[in-house]
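Listed below, chain by chain, are the residues.
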Amino acid sequence: MLSAHWFMRMKRWVQHPPSLKRVLLVFAVIALCLALVGLERLGVLPDWMQADQIGRRPGLPRF
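The sections below set out a description of the structure shown in this document. (Residues numbered from 1 in each chain as written. Predicted model: local features only at pLDDT ≥ 70, side-chain atom pairs only at ≥ 80, totals over all residues. Heavy atoms only, no water.)

1. Re the overall build of the protein
1) Next: The helix and strand tally for the protein stands at two helices and zero strands.
2) Next: By residue count, 2% of the 63 residues in the protein fall in the buried class. (Helix = DSSP H or I, 4+ residues; strand = E, 2+ residues; numbered from the N terminus. Buried < 20%, exposed > 50% of the residue type's maximum accessible area, 1.4 Å probe, protein only.)

Structure representation (structure tokens):
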């Protein structure tokens, strides 16, 4: 359930919506992130751009 804080934020957004430039900027950032994820899953990114596995690999000592 939402708290009163979130309802107040929604009210402010309705009364003062963000500019078109800000909305386009947010969508551009989201599109860029999705494109990078898609390219990574296809395996077409160079090695320096690929994400490393985080976590302990089997056989490594624990510190």
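2. Re helix H2 (residues 20-42)
1) Next: Compared with an ideal rise of 1.5 Å per residue, which puts 23 residues at 33 Å, H2 spans 33 Å between its outermost C-alpha atoms and is within 8% of the ideal.
2) Next: Positive backbone phi, approximately 85°, marks Gly43, located one or two places after H2. (Expected span 1.5 Å × (residues − 1).)

3. What to know about a nonpolar patch on the surface
1) Next: On the surface, Leu32, Leu36, Leu39, Leu42, Val44, Trp48 and Met49 cluster together into a nonpolar patch covering about 760 Å² of accessible area.
2) Next: Mapped onto the fold, Met49 is located in the segment after H2. (Patch = residues over 30% accessible without salt bridge, like charges linked within 9 Å, V, L, I, M, F, W, Y side chains within 5 Å. Areas by Shrake-Rupley, 256 points an atom, 1.4 Å probe, with all protein chains shown as cover. Salt bridge = Lys/Arg side-chain N within 4 Å of Asp/Glu carboxyl O.)

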